Amino acid sequence: MAEKKIVDGRGSFCPGPLMELIVALKSSQIGDELEVLSTDKGSANDIPEWVRKVGHEYISTTEDNGVWHITVRKTK
Amino acid sequence: MKILIVGGGMGGTILANNLARRLTNELKTGKARITMLSASDKHMYQPGLLYLAVGRMTPDELYRDQASLLEPGINFQVDPVEEFQLDNNRVKTKSGKIHEYDVMVIATGSRMFPEGVPGLAENAETFYTEETALKMFKRLQSFEGGKVVIAVGIPHKCPMAPLEITFMLHDYFKDRGLADKVQLHYTYPIGRVHSLENVAKWAAPEMDKLGIKYETFFNIKEVDGAKKILRSEEGVEINYDLLITIPAHKGMEVLEKNGLGQNGWIPTNRTKLNMEGRTNVFICGDTTNIPISKAGSTAHFEADVLGENIAAMVKMGTPVREYDGKVFCFVEAGKDRATYAMFDYQNPPDPKAPTKAVHWFKMAYNKLYWISARGLL
């Protein structure tokens, strides 16, 4: 059964939210939804760009008090 | 108070010495006791492996006897933990001994895991152990030209290693008169050449200047050793003559077996450094799941905080400090120049152009490390 996971990349300059997402996807199942929390606004561009490039599903981006919430689904 | 430190690497050793100094009287009177359990009687200076791989250090320079680094009063035993019985505040070791604790710190580090990528372990050189670093150096010595590809897995220990080995390889081949015959090709998992934006901003032009090619958004999927092709999750193929990898890492197997954290990374509070859900178990260094660099300096700064806090718990019953995410990394930009990156949870790094002075400071630190491990620097 698909899960929803939080990837907390707040305050992470290195390795950074995108790397945290890539690592988390490796240990997720197809269909799982991952919501990345990031305090780096660059994540709002980087993450959707990578997700589309590699072929997972980009769902949404929202911003709340300086924290970006970027949600994706593992599709392969 | 019985303090148990599991792991005798950089974090565990600095912490044990820090605590022993803060608790001199308590150790004498028996109010506190410090026990360290480790898998080895040797202590390795792991950053030295980078130099070993390019023939700039020898294996003997990497080691000291662990016991010689520890303050008197620390009960050091070579007897790794096999069972963590957290509900009963005790562990069971390989020899079958039971150690009870009031406070435990787990600092068991991480291990490379190239086996997670098909074909990688069999076909790539790396330098995360003495054995592999020596093998890589011998391979470099016999390499007379062709395409050298650097492939980066995540998460990995030492965030600067991909850049450092690339720049050091450039100078290594140049010194051998092979600069025109070797093409270095760097790859990186995200959309720039390093996770730290400001580091990427100086590293990419540096690569352009040196003629090093790079491919970003490249996550290793598999290696075809017969055809000498590296493939990425993003669908890109790169041919290679010599493949060097910074492989993905995992935490220690014993932590996974005991159900303490997925892939051996233990869920850890990012400021208090306690294991999530436990008030008397703390995590130090690579073993945490905190989204910061897996680096010696991270372990060092966390150990400083834990030393102060655990000593305060003994003396006052409460911790006094929080970890702010501080990390400091030297970045070797070749054989004779370097820069550094310092950052925390709130402040990104602002690395300067590489200089010879920083490189020589790094060379000095390679020796000063042994003072650092003793908790004096």
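Quantities reported herein were computed from a predicted structural model and do not represent experimental measurements.

Caption draft 1: Spatial organisation of the overall build of chain A. Within chain A one finds two helices and four strands. Secondary structure elements in chain A, listed N-terminal to C-terminal, are β-α-β-α-β-β. Computed over C-alpha atoms, the radius of gyration of chain A comes to 11 Å, within 12% of the 11 Å expected from 2.2 N^0.38 for 76 residues, which places it in the range of a compact globule. Projected onto its principal axes, the C-alpha positions of chain A cover 30 × 25 × 20 Å. By the burial criterion, 39% of the 76 residues in chain A qualify as buried. Counting contacts in chain A only where the partners sit at least 6 residues apart, residues at least 24 apart contribute 57% of the total.

Caption draft 2: Highlighting helix 11 (residues 356-373) of chain B. All names here are of chain B. For helix 11, spanning 18 residues, the distance from its first C-alpha to its last is 25 Å, which sits close to the expected 26 Å at 1.5 Å a residue. Helix geometry: helix 11 is bent most strongly at Lys367, by close to 50°. All buried positions along helix 11 are accounted for by Val358, His359, Tyr369 and Ala373. Its buried side turned inward, helix 11 meets helix 1 (10-22), strand 3 (42-44), helix 4 (66-69), strand 20 (327-332) and strand 21 (338-343). One or two steps after helix 11, the chain reaches Gly375, where phi turns positive at roughly 85°.

Caption draft 3: Focus on the environment of His249(B). Residue and element names in this part refer to chain B. Positionally, His249 belongs in strand 18 (residues 249-251). On a C-alpha basis, the gap between His249 and Asn263 in space is 8.9 Å, while along the polypeptide they are 14 residues apart. Sequence-distant contacts of His249, that is, excluding residues within four places in its chain, are made with Ser110, Arg111, Met112, Phe113, Pro155, His156, Lys157 and Lys294.

Caption draft 4: How the structure looks around the sheet that holds strand 14 (residues 220-224) of chain B. Residues and elements named next belong to chain B. Spatially, three strands are ordered 14-15-16 in an open sheet, and the strand pairing comes out antiparallel. Edge strands, defined here as strands with exactly one partner in the open sheet, are strand 14 and strand 16 (237-239). Taking each pair of neighbouring strands and ignoring which way they run, the sheet shows an average axis angle of 20°. With three bridges joining them, strand 15 (residues 229-232) and strand 16 adopt antiparallel strand pairing. The partner of Ile229 across the bridge, within strand 16, is Asn239.

Caption draft 5: Up close: the nonpolar core. Formed by 133 residues in total, the largest nonpolar core has its most connected members in Ile5(B), Val6(B), Leu15(B), Ile34(B), Val105(B) and Cys284(B). Counting contributing residues, this core receives three or more from each of domain 1 (2-109 + 252-324) and domain 2 (118-249) of chain B.

Caption draft 6: Local environment of the domain arrangement of chain B. Residues and elements named next belong to chain B. Looking at chain B, the domain boundaries give domain 1 (2-109 + 252-324) and domain 2 (118-249). Computed from C-alpha atoms alone, the centre-to-centre distance between domain 1 and domain 2 is 32 Å. Here the residues of the side of domain 1 that touches domain 2 sort into eight nonpolar, two polar and two charged.

Caption draft 7: Structural context of unusual backbone geometry. Cys14(A) connects to Pro15(A) through a cis peptide bond whose omega is 15°. Secondary-structure assignment places Pro15(A) in the loop between strand 1 (4-8) and helix 1 (17-26). Geometrically, the link from Ile154(B) to Pro155(B) is a cis peptide bond, its omega value of -5° lying close to zero. Looking at the element boundaries, Pro155(B) is found in the loop between strand 11 (146-152) and helix 7 (161-175). Even without glycine at this site, Asn65(A) takes up a positive phi of about 55°. Along the chain, the position of Asn65(A) falls in the loop between strand 3 (57-64) and strand 4 (67-73). With phi around 70°, Cys158(B) is a residue other than glycine that occupies positive phi space. Among the secondary structure elements, Cys158(B) is positioned in the loop between strand 11 and helix 7.

Caption draft 8: Main features of the pairing of strand 9 (residues 103-106) of chain B. All names here are of chain B. Judged by which residues are buried, strand 9 turns out to be covered on both faces: Val103 and Val105 on one side and Met104 and Ile106 on the other are all buried. In terms of strand pairing, strand 9 meets strand 19 (residues 281-283) through three bridges, oriented parallel. Among the inter-strand pairings, Ile106 is bridged to a residue of strand 19, identified as Ile283.

Cut-offs applied
Residues numbered from 1 in each chain as written. Chains lettered and ligands numbered in written order. Predicted model: local features only at pLDDT ≥ 70, side-chain atom pairs only at ≥ 80, totals over all residues. Helix = DSSP H or I, 4+ residues; strand = E, 2+ residues; numbered from the N terminus. Rg over C-alpha atoms; globule rule 2.2 N^0.38 Å. Buried ≥ 20, exposed ≤ 12 C-beta atoms within 10 Å, placed from the backbone. Contact = placed C-beta atoms within 7 Å. Expected span 1.5 Å × (residues − 1). Bend = angle between axes of the 7 residues up to and from the residue. Pairing = 2+ DSSP bridges. Axes fitted to C-alpha atoms, helices over the stretch in contact; angles between N-to-C directions. Core = buried A, V, L, I, M, F, W, Y, C linked by C-beta atoms within 7 Å. Domains from an automatic or database assignment. Nonpolar A, V, L, I, M, F, W, Y, C, P; charged D, E, K, R; others polar.

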